[in-house]
Amino acid sequence: MGSYEYAATHGVFFTEDEYEKSIIEYLHDELGYEYRYGPDISRTSERFDDAFLPGVIQDSLKSINSSLPGE
């Protein structure tokens, strides 16, 4: 039983750090997402507040929403 399952069934409260780790664990273990530590990700700029990575977002949006018109 993962920490997210235990908490959900036992009414346990998390610290922010524990909550974040449980979400990462759930996304990885249950949904198959790959975890990548933020500072290790190549960026198109030195700005860490640039969450959408301008060099990646446009292609990603097109790929995810291929059935929608470009505009």
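Residues numbered from 1 in each chain as written. Predicted model: local features only at pLDDT ≥ 70, side-chain atom pairs only at ≥ 80, totals over all residues. Heavy atoms only, no water.

So, on to the overall build of the protein chain. Counting its secondary structure elements, the protein chain contains three helices and zero strands. Counting every position in the protein chain, which comprises 71 residues, the buried fraction comes to 8%. Summing over all exposed atoms, the protein chain offers an accessible surface of approximately 6400 Å²; the carbon and sulfur share of this is 54%. (Helix = DSSP H or I, 4+ residues; strand = E, 2+ residues; numbered from the N terminus. Buried < 20%, exposed > 50% of the residue type's maximum accessible area, 1.4 Å probe, protein only. Areas by Shrake-Rupley, 256 points an atom, 1.4 Å probe, with all protein chains shown as cover.)

This part covers the pattern of salt bridges. According to the stated counting rule, one finds one salt bridge in the structure shown. For aspartate 17, the salt bridge goes to lysine 21, with nearest N and O atoms at 3.1 Å. Of this pair, aspartate 17 and lysine 21 both sit in helix H2 (residues 16–29), four residues apart, which is roughly one turn of that helix. (Salt bridge = Lys/Arg side-chain N within 4 Å of Asp/Glu carboxyl O.)

The next point concerns a nonpolar patch on the surface. Together, Phe14, Tyr19, Ile23, Tyr26, Leu27, Leu31 and Tyr33 make up an exposed nonpolar region whose accessible area comes to about 660 Å². Position of tyrosine 19 among the secondary structure elements: in helix H2. (Patch = residues over 30% accessible without salt bridge, like charges linked within 9 Å, V, L, I, M, F, W, Y side chains within 5 Å.)

Next up on the list: the confidence of the model for the protein chain. Looking at the protein chain, the pLDDT average stands at 79 and 70% of residues meet or exceed 70. Between the elements of the protein chain, mean pLDDT differs from a low of 65, seen in helix H1 (residues 3–10), to a high of 90, seen in H2. (pLDDT = per-residue confidence, 0-100.)

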